[in-house]
Amino acid sequence: MTEDLTGQPPGPAGPGPSPAGPDPYDNRRQVLYWRLLARLFDGEEQPALESASLGVVEDIGLPSALLDPGTSLDSVVQRHPELAEEFDGLMTPDDDAAGSRDRAAEVRRAALVSKVLLNVFATGSSTVTAEQLARWQSDAGWLERALGGPPGGLRGGRASGAGLDAGGLGPELAAIEADLVGRMRLREVLADPALAARLTPSMSLIEQLLRDKGNLSGVALANAKSLIRRYVDEVAEVLRTQVEKATVGELDRSVPPKRVFRNLDLDRTIWKNLTNWSPEEERLYVDRLYYRHTVRRTTPQRLIVVVDQSGSMVDSMVNCTVLASIFAGLPKVDVHLIAYDTRSIDLTPWVHDPFDVLLRTNLGGGNDGPVAMAMARPKIAEPKNTVMVWISDFYEFDRSQPLFEGIEAVHRSGVKFIPVGSVTSSGRQEVNPWFRERFKALGTPVVSGHVNKLVHELKTFLT
């Protein structure tokens, strides 16, 4: 008996392998994955693999559109809504018990996984349209869902801080998106309201808009501002929720608890009055009610945020300006914002509007930390009530020693100094090892670049 590339034996013998023969399910999976690899690394159709893959897909009851690289995942799911659930968590399947592998399910999964990976990673090299970028962004969202997270969970933005890791895949997806944005005639797209409306704000797109804003005018500039505003609002919505959920500051036990029902500590009240239990009456007589402390310390705090706005820090620049504006809206928190490259600029007057802040920044160039420190230090009025957050990769070269001496002096004065390597959704960061070791010795280790960590640090200290 012979067997074709699909792994399906001909004739009435059925799909099962002969005792000594190859496993048809393994053959089918191999066909699908070989076809995926051929498409990713060559791009040209391999007739034998295409024909065999079509046979596999049709035989297991899946639509042939899964093999068409030009068909988006949105289109596939729109035509076959029953597949939507299968894509969610597709690449994080539950471990089956030993010996209970579902070979047919593995073949089906291979077909769906191949579709997701091909659409996301086979992006070609030609000019990209706004429609193609929007389609890729949607397909990347399906990959993130397949990996167990929400759309945007690996690339930042709306799902920033979702906690999705996936082995460091986020930066690779961001790099692909940045390449697509770079291959798009962005100025022409922005000048056409219909095309601009197809764009979905993302970190890569916002970075390009911020770099190019000086060359835009009229309708193109208005559309660019609209995209930046939409992205800022989306990030703000996520970060504001995280700030609200984060642990708050220390209870002020010097203030007596307010004696209202909602503050009643029922467990403590019962425990403290257990000696008054009457077994005969089966009643507990309460001599005293106990209430929870709810008042937080409200000493006015000052937050000074210093952000490196050199080209490598755009992700941090966006997140930090939004975060600073949220904290600036809290009572008794006085927020100051400074951005720097080779010069520094005091953005405090606009700290309540991150959109306005971003339009006033100029990404790129080198950096000069001592210049920023010279602007930040006079803002310290009461060191014990001040926190200084410094976001940078700390590659200062010949200015490293002067900057560290300034930071050390600020820390020893009583200011809570928080060095942050970056503030991204993936948490990936690169920090100058020279600074990293000295911060550790100073007792102020670099905070993980994940934005959740910074939110927790700030909320605990400031409120």
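Throughout what follows, the structure given in this document is the object of discussion. (Residues numbered from 1 in each chain as written. Predicted model: local features only at pLDDT ≥ 70, side-chain atom pairs only at ≥ 80, totals over all residues. Heavy atoms only, no water.)

### Structural notes on the overall build of the protein
As a reminder, the rule being used: Each helix corresponds to a stretch of at least 4 residues labelled H or I by DSSP, and each strand to a stretch of at least 2 residues labelled E; elements are numbered beginning at the N terminus. Relative accessibility under 20% of the residue-type maximum defines a buried residue, over 50% an exposed one, and the middle range a partly exposed one, all with a 1.4 Å probe and only protein chains included. Contacts: residue pairs with any heavy atoms within 4.5 Å of one another. To measure how exposed things are, a 1.4 Å probe is used in the Shrake-Rupley method; for residues, cover is taken only from the protein chains shown.
A tally of regular secondary structure across the protein gives 18 helices and seven strands. Residue burial in the protein is summarised as follows: out of 463 residues, 46% are buried. Pairs at least 24 apart in sequence give 71% of the contacts found in the protein among residues at least 6 apart. Of the roughly 22,900 Å² that the protein leaves accessible, carbon and sulfur atoms contribute 51%.

### Considerations on the pattern of salt bridges
Inclusion rule: Throughout this description, the term salt bridge denotes a Lys or Arg side-chain nitrogen within 4 Å of a carboxyl oxygen of Asp or Glu.
Applying the stated criterion to the full structure yields 19 salt bridges. With a closest N to O distance of 2.9 Å, Arg 29 and Asp 26 form a salt bridge. On the criterion of helical spacing, the pair formed by Arg 29 and Asp 26 is a turn pair, its members being three residues apart in helix 1 (residues 24-41). According to the relative accessible area criterion, Arg 29 is partly exposed, its value standing at 23%. Of the charged contacts, one joins Asp 59 and Arg 28 as a salt bridge, the two residues approaching to 2.7 Å between their closest N and O atoms. Placement of Asp 59 in helix 2 (residues 47-59) and of Arg 28 in helix 1 is noted, with a sequence separation of 31 residues between them. By sharing partners, the salt bridges in this structure join Asp 26, Arg 29, Arg 103 and Glu 106 into a single network.

### Observations regarding the environment of Glu 408
Here Glu 408 lies in helix 16 (residues 400-412). The partly exposed category is assigned to Glu 408, whose relative accessible area is 24%. Spatially, the C-alpha atoms of Glu 408 and Phe 439 are 8.8 Å apart, while their sequence positions differ by 31 residues.

### Let's talk about the layout of surface pockets
Counted only if it meets this: Site definitions follow a grid-based scheme: protein atoms alone, a 1 Å grid, a 1.4 Å probe that fits but cannot get out for cavities, and for pockets an open set with protein on both sides within 12 Å along at least five of seven lines, plus lining residues having an atom within 4 Å of a point. Grid points are joined across faces, edges and corners, and a volume is the space filled by probe spheres set on the points.
Here the second largest pocket defines a volume of roughly 400 Å³. Ala 122, Thr 123, Gly 124, Gln 132 and Arg 135 are the residues nearest the centre of the second largest pocket, which is lined by 19 residues in total. The set of elements that each furnish at least two residues to the lining of the second largest pocket consists of helix 5 (103-121) and helix 6 (130-146). The greatest single-element share of the lining of the second largest pocket, amounting to four residues, is contributed by helix 6.

### Remarks on the environment of Asn 385
Turning to its location among the elements, Asn 385 is positioned in the loop between helix 15 (369-376) and strand 6 (386-391). Taking relative accessible area as the criterion, Asn 385 reaches 18% and is therefore assigned buried. Taking the C-alpha atoms as reference points, Asn 385 and Arg 302, separated by 83 residues in sequence, lie 6.3 Å from one another.

### Overview of the packing of aromatic side chains
Centre-to-centre distance and the angle between the planes together describe a pair of aromatic rings. Quick note on the threshold: Aromatic pairing here means that ring centres of Phe, Tyr or Trp (its six-membered ring) are within 6.5 Å. Orientation follows from the plane angle: under 30 degrees is stacked, over 60 is edge-to-face, and everything else is tilted.
For the coordinates displayed, the defined rule picks out eleven aromatic pairs. Note on Phe 404 and Phe 435: the rings are 6.4 Å apart at their centroids and 70° apart in plane angle, and the pair reads as edge-to-face. In this pair, Phe 404 sits in helix 16 while Phe 435 sits in helix 17 (residues 433-442), placing the two residues 31 residues apart along the sequence. Taken as a pair, Phe 404 and Phe 435 share a single burial class, namely buried. Measuring from ring centre to ring centre gives 5.9 Å for Phe 417 and Phe 439, while their planes differ by 40°; the resulting arrangement is tilted. Taken as a pair, Phe 417 in strand 7 (residues 416-420) and Phe 439 in helix 17 lie far apart in primary sequence, 22 residues in all. Here Phe 417 and Phe 439 have matching classes, each one buried.

### Describing unusual backbone geometry
With phi around 55°, Glu 282 is a residue other than glycine that occupies positive phi space. Take Glu 282: it is sitting in the loop between strand 1 (277-278) and strand 2 (283-284). Judged by its relative accessible area of 61%, Glu 282 is exposed. Although it is not a glycine, Phe 397 adopts a positive phi angle of roughly 60°.

### Considering the pairing of strand 4 (residues 333-340)
Which entries qualify depends on this criterion: Pairing between strands is defined by DSSP: at least two bridges between the two strands are required.
By the criterion of burial, strand 4 is predominantly enclosed, with seven of the eight residues buried. The pairing of strand 3 (residues 301-308) with strand 4 spans eight bridges and is parallel. Counterpart to Arg 302 in the pairing with strand 4 is Asp 334. Of the pairings in the sheet, the one linking strand 4 to strand 5 (residues 344-346) comprises three bridges and is antiparallel in character. Its bridge partner being in strand 5, Ile 338 is matched across the sheet by Asp 346. Hairpin connection from strand 4 to strand 5: three residues lie between these consecutive antiparallel strands.

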